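Working through the structure, step by step
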Amino acid sequence: DATTLAMGFMELNDHGILCKGLREQLLRYPELSLSIAQGLIILHSKKLLSDVNRRALDQYPEQAQDLAHGFVLLDEQDLLEEYRDALLFCPWFAQSLAQAIKILDALDNLTPATIHQLHMDPADAVAIAHRIVHEVLEPLELPDPREDVHKHDEKVRDAILELLNQQGALDQPLIEEAVIAFIEYILQQSEDPQIQSTAFYLLYGPSKADEDLFPPFLKPQESWSLAGLELTGEAVIAHLWVYLENLKDPQECENAKQSMLSCFTDSIDDFNHRVCNQGKTVNLVRGALQGYLPGFLIDQEIDGPISTDQAIALFFKVEAHQQIETISSLTSAAICWLAENPNVEDEEEFYKALQQVAYLGQFEEES
C-alpha cells in the first residue's frame, strides 16, 4: 500500500496537482491511490476536476479511471451535467454507457426510457444503443454488434468447462505460477517487440486514450461473465497454460503457445484499443485450443458440404495449423481436422491438395 500510495503522490506531483485535498483523497484509499490519482489526472487534463466529479471518484475508488473516462466522453457532447448520474448508476461500465449515450444523442433518440434500457444490461450498453437505434430507424438496418462479437462465447465457454472438468480447480500458487510463465514467455519474444508491447498493454497497460473502453485483462479483482460462466484473466491464462504444458509433443506445445500469444495480440479493435475481456478470452482460447483440444473448432463458417478449396482454406485458418513445419505433423492434424469436419465433400482430393501445399511450402520430412 505504501508503494502504491507513493506512486499516486508522484503521479499527481508530476502533473502539478498534488494539493492537500487530493492528497487526503488518496490517503482514504491507499491501496487504490494510483487508480484514483490517474482518474484525477484524466479529469484535470480535460479541465473537469470539479468537487462534484472528485466526490464521484471518491464514491467509487475502484472505478476511478472508468468514471473519469466516462465523464470526459459525456462532457465532449455537453451531456455530463444531465447524465452524470447514469454513469454512477453502474460505474463499472461508465465508459461504455457514455459511448452509448453519445450514439443515442447523435440520432436524437436519447430519452429516459432508452437510458433505462441501458441500465438493464450495462455490460452491453453500446450494443443496446445500436439496437435501440435499429428499432427506431429501421431503414438503416443496423446489425446488432453482439451477434458478431459474441457469436463464439458459448463454444469458448464449453471449451473452458472441458478444461475445468479435466484439471479440476487450480490452487492459487499454481495459477500465479502459470501466469508468470506466460509473462516470461512473452518476454522471450525479443525479436518482435511489437508483440511484447501489445501483449503487455492488453494484460496490464493503462488506457491509451480517452476512448479506451475496456480494462486490462489482469486488472486486480476483476471478473466477468462469458455466456454465464464467471471468469478472471488469471484463471483463463492458468488453465490454458497448464493444458499446453501437458501436451506430449514438445513442438506441438511450442506451436500452441505461439498460437495462443499471436491470437491474444489480435485483441485490438480498429481504433487500436483493447476489446472487451470476453473478446480477449475468445482469442486466447482460439489460439491455445483450436487444433489441440479434440472437438473444439470455432472458425468453421460453412454449413453444408465443404469443397476441397474451402476445406484447405478452413484448415489453414486454424492458427495452430499455420505453425506446422513437417509432413507428419501436417498429416496428423489433417486426420484430426477431418474427423471434426465430416461434411468435407471429397477427403481424397483434400489430402491431394494438402500434399501439394506441403510440396510448395517445402515442408520437412521427419527422419
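What comes next concerns the included structure. (Residues numbered from 1 in each chain as written. Predicted model: local features only at pLDDT ≥ 70, side-chain atom pairs only at ≥ 80, totals over all residues. Heavy atoms only, no water.)

Observations concerning the nonpolar core
- The biggest cluster of nonpolar side chains holds 45 residues, and the ones touching the most others in it are F182 and L289.
- Elements supplying a minimum of two residues to this core: α11 (153-167), α12 (172-187), α13 (193-203), β1 (223-226), β2 (229-232), α14 (233-245), α15 (250-264) and α16 (277-289).
- Broken down by element, this core gets its largest block of residues, eight residues, from α14.
- In contact with L289, other than residues within four places in its own chain, are A159, L163, L240, Y243 and F296.
- Listed in part, the 31 residues of the second largest apolar core include L22, V72, L79 and A98. (Core = buried A, V, L, I, M, F, W, Y, C linked by side-chain atoms within 4.5 Å. Buried < 20%, exposed > 50% of the residue type's maximum accessible area, 1.4 Å probe, protein only. Helix = DSSP H or I, 4+ residues; strand = E, 2+ residues; numbered from the N terminus. Contact = heavy atoms within 4.5 Å.)

Overview of the pattern of salt bridges
- Under the definition given, this model contains four salt bridges.
- For D158, the salt bridge is made with R157, and the minimal N-O distance between the two is 3.1 Å.
- Several salt bridges converge on common partners, so that one network encompasses E348, E349 and K352. (Salt bridge = Lys/Arg side-chain N within 4 Å of Asp/Glu carboxyl O.)

Re the packing of aromatic side chains
- Per the counting criterion, the structure on display carries seven aromatic pairs.
- On the numbers, 6.3 Å between centres and 65° between planes, the contact of F182 with F264 is edge-to-face. Of this pair, F182 sits in helix α12 while F264 sits in helix α15; the two residues are 82 residues apart in sequence, bridging distant segments of the chain.
- Assessed through its relative accessible area of 0%, F182 is described here as buried.
- Among the residues examined, F264 registers a relative accessible area of 0% and is labelled buried. (Phe/Tyr/Trp six-rings, centres within 6.5 Å; stacked < 30°, edge-to-face > 60°.)

Describing the pairing of β2
- In β2, alternate side chains face the same way, and those of L229 and L231 are buried while those of E230 and T232 on the opposite face are not.
- Here β1 runs beside β2; their pairing, made up of four bridges, is antiparallel. Looking at β2, one finds that L226 is bridged to L229. (Pairing = 2+ DSSP bridges.)

So, the environment of L330
- One can find L330 in helix α19 (residues 327-340).
- As for L330 and Q355, which are separated by 25 residues in sequence, their C-alpha atoms are 9.2 Å apart.
- Aside from chain neighbours lying at most four places away, what touches L330 is F315, F316, I324, L354, A358 and F363.

Some details on α15
- For α15, which comprises 15 residues, the first-to-last C-alpha distance of 21 Å matches the rise-based estimate of 21 Å (1.5 Å per residue) to within 8%.
- For α15, the complete set of buried residues consists of C253, N255, A256, K257, S259, M260, L261, C263 and F264.
- Capping the start of α15, D249 holds a side-chain oxygen 2.9 Å from the backbone nitrogen of Q251, two or three residues further along. (Expected span 1.5 Å × (residues − 1). Polar contact = N/O pair within 3.5 Å; in protein donor to acceptor, adjacent residues only side chain to side chain.)

So, the packing of α12 against α13
- Where α12 meets α13, the axes come as close as 9 Å, and the angle between the chain directions of the two elements is 150°. Here α12 lies roughly antiparallel to α13, going by the angle between them. Our pair here, α12 against α13, has a crossing hand that is left-handed. The residues of α13 that touch α12, namely those facing F182, I183, I186 and L187, are Q196, A199, F200 and L203.
- When the residues that make up the contact of α12 with α13 are grouped by side-chain class, the tally is seven nonpolar, one polar and no charged. (Axes fitted to C-alpha atoms, helices over the stretch in contact; angles between N-to-C directions. Parallel < 35°, antiparallel > 145°, perpendicular 65-115°, else oblique. Left-handed = near helix turned anticlockwise from the far one by under 90°. Nonpolar A, V, L, I, M, F, W, Y, C, P; charged D, E, K, R; others polar.)

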